[in-house]
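# Structural overview for review
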Amino acid sequence: MRAIQVHHYEAFSSIPGKGNPAGVVFEADHLSEIAMQQIAHAVGFNETVFVLKSRAADVRLRYFTPGHEINLCGHATMAAMYGLKARDVLKGKDSITIETNVGVLPIQFEQQGDTWLMEMKQDQPRFVPFQGNVEKLAKAIHLTTDDLDMTMPIVYGSTGAWTLLIPIRRLDVFVKMKPYSSQFPDILSENPKSSLHPFCFETRDADALMHARHFSSPYSGTTEDPVTGTASGVMGAYYLTYVNQEIHEVDFIVEQGHEINRDGKVQVNVRREQEGMDVRIKGTAVYVREMKVDIDS
């Protein structure tokens, strides 16, 4: 057995116990893919990120749920970047690049008092229509079709990780949501490993434009993601694609996590370009504790 040091951060919040927990393993080049998966499973957070050396960027990041590797993760990126900054590994740099499975992406740092606000560029947005059974979809999160806002489309969206965007009519519906995750793959016939991301335009806080929850794919080994960076980014692209096609740019805040007492906020900026969209999110993080997990590989 080997003991591996994992650093626990909360992303999209500056308060320990709020936001989205992520495990970060620094200097992870000596670990095999099998070991990384074992560590992520032992940690049990929605994602654990491994920081490696890169020939193409300043650092390489690999992201693992307890069940499998994913291509990109917003909150784990925020956690890793905050950790590198706090450990002074970046030598005062205000911007770096990260190598991920979706390509090399830029990261910007902005000092805010004694912490940092980090901006992350995401992959080009992609959308695929949901053509499954809407009634079964609603029931899979303990809702009825009357709770859904059918004036907007239900679509799979990705800026690095696929999720099904489900427009909801009212904020008060979110407290009664309950995911029956085992049903997801059969309902999501176009993309069985997708997560579910219900959202609405009623919010708890006046500074937010959207409220959301995020229910994990059963393949990931977790149930709910408290505050979701990649899904927040794709919601910005959804807004420009389906809600307001007249404007060139949108800048807003997503609130998430209230229903499970892990509330946090993601700043989203999406701008149309000649080809595609420029999708960026901003957020902060906070260090919680160090832990050790034992693995056998």
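The rules behind these values
Residues numbered from 1 in each chain as written. Predicted model: local features only at pLDDT ≥ 70, side-chain atom pairs only at ≥ 80, totals over all residues. Heavy atoms only, no water. Buried < 20%, exposed > 50% of the residue type's maximum accessible area, 1.4 Å probe, protein only. Helix = DSSP H or I, 4+ residues; strand = E, 2+ residues; numbered from the N terminus. Pairing = 2+ DSSP bridges. Contact = heavy atoms within 4.5 Å. Salt bridge = Lys/Arg side-chain N within 4 Å of Asp/Glu carboxyl O. Phe/Tyr/Trp six-rings, centres within 6.5 Å; stacked < 30°, edge-to-face > 60°. Lys NZ or Arg CZ within 6 Å of the ring centre and 35° of its normal. Polar contact = N/O pair within 3.5 Å; in protein donor to acceptor, adjacent residues only side chain to side chain. UniProt positions renumbered as here; feature names shortened; annotations may be inferred. Core = buried A, V, L, I, M, F, W, Y, C linked by side-chain atoms within 4.5 Å. Domains from an automatic or database assignment.

A separate point is the pairing of strand 1 (residues 2-11). Consecutive residues of a regular strand have side chains that alternate between opposite faces of the sheet. Along strand 1, 7 of the 10 residues are buried, which leaves the element largely enclosed by surrounding structure. In this sheet, strand 2 (residues 20-25) lies alongside strand 1 in antiparallel orientation, the contact comprising 5 bridges. By the bridge assignment, His 8 is partnered in strand 2 with Gly 23.

This part takes up helix 1 (residues 33-43). Burial in helix 1 covers these residues: Ala 35, Met 36, Gln 37, Ile 39, Ala 40 and Val 43. Those residues of helix 1 that are buried are in contact with strand 1, strand 2, strand 3 (47-52), strand 4 (59-64), strand 5 (69-70) and strand 17 (285-295). Of the residues flanking the end of helix 1, it is Gly 44, one or two places downstream, whose phi is positive at about 85°.

What follows covers the pattern of salt bridges. All chains considered together, the criterion is met by 18 salt bridges. Taking the shortest distance from any N to any O, the salt bridge between Lys 18 and Asp 263 comes out at 3.3 Å. Here the residue Lys 18 occupies a position in the loop between strand 1 and strand 2, and Asp 263 occupies one in the loop between strand 14 (249-256) and strand 15 (264-272), the gap between them amounting to 245 residues. Of the charged contacts, one joins Arg 280 and Glu 119 as a salt bridge, the two residues approaching to 3.3 Å between their closest N and O atoms. Here Arg 280, found in strand 16 (residues 277-283), pairs with Glu 119, found in strand 8 (residues 115-121); they are 161 residues apart in sequence, far enough to count as distant. With relative accessibility at 18%, the residue Arg 280 sits in the buried group. Residue classification places Glu 119 among the buried positions, given a relative accessible area of 18%. A cluster of three or more residues bridged by salt bridges with shared partners is formed by Glu 119, Lys 121, Arg 271, Glu 273, Asp 278 and Arg 280.

Before going further, it helps to spend a moment on the packing of aromatic side chains. Under the criterion given, the structure shown has 12 aromatic pairs. These aromatic residues form a ring-pair network of at least three members: Phe 127, Phe 199, Phe 201, Tyr 238, Tyr 239, Tyr 242 and Phe 252. A cation over a ring is seen here: Lys 85 above Phe 109, with NZ or CZ 4.8 Å from the ring centre. Of note, Arg 87 hangs over the ring of Phe 26, and the distance from its end group to the ring centre comes to 4.1 Å.

The next thing to look at is the environment of Thr 115. Among the secondary structure elements, Thr 115 is positioned in strand 8. Classification of Thr 115 as buried rests on a relative accessible area of 15%. The sequence separation of Thr 115 and Thr 284 amounts to 169 residues, and the corresponding C-alpha distance is 7.7 Å. Side chain to side chain, Thr 115 and Thr 284 meet in a polar contact 3.3 Å long.

So, on to the environment of Ala 208. Relative to the helices and strands, Ala 208 is located in the loop between strand 12 (195-200) and strand 13 (210-212). For Ala 208, a relative accessible area of 11% gives the class buried. Considering only alpha carbons, one finds Ala 208 and Ile 107, 101 residues apart in sequence, at a separation of 23 Å. Excluding its chain neighbours within four sequence positions, the residues that come into contact with Ala 208 are Thr 203, Ile 253 and Glu 255.

Our focus in this paragraph is the UniProt feature "active site" (unreviewed entry) in the protein. Following the UniProt record, the feature "active site" (unreviewed entry) maps to Glu 47 here. Classification of Glu 47 by relative accessible area gives buried; the value is 9%. Contacts of Glu 47, omitting those with residues within four sequence positions, involve Pro 21, Ala 22, Gly 23, Phe 64, Thr 65, Ile 70, Cys 73, His 75, Ala 76 and Asp 225.

As a further point, take the nonpolar core. Among the nonpolar cores identified, the biggest contains 53 residues, and Leu 61, Tyr 63, Met 81 and Ile 98 are the most heavily contacted of them. Counting residues per element, this core draws most heavily on helix 2 (residues 74-86), which supplies 7 residues. For this core, the domains that each give at least three residues are domain 1 (2-108 + 285-295) and domain 2 (126-275). Setting aside residues no more than four positions away along its own chain, Leu 61 makes contact with Val 49, Phe 50, Val 51, Thr 77, Ala 80, Met 81, Ile 98, Glu 99 and Thr 100. Counting 22 residues, the second-largest nonpolar core is a separate cluster that includes Leu 137, Tyr 156, Ile 166 and Ile 168.

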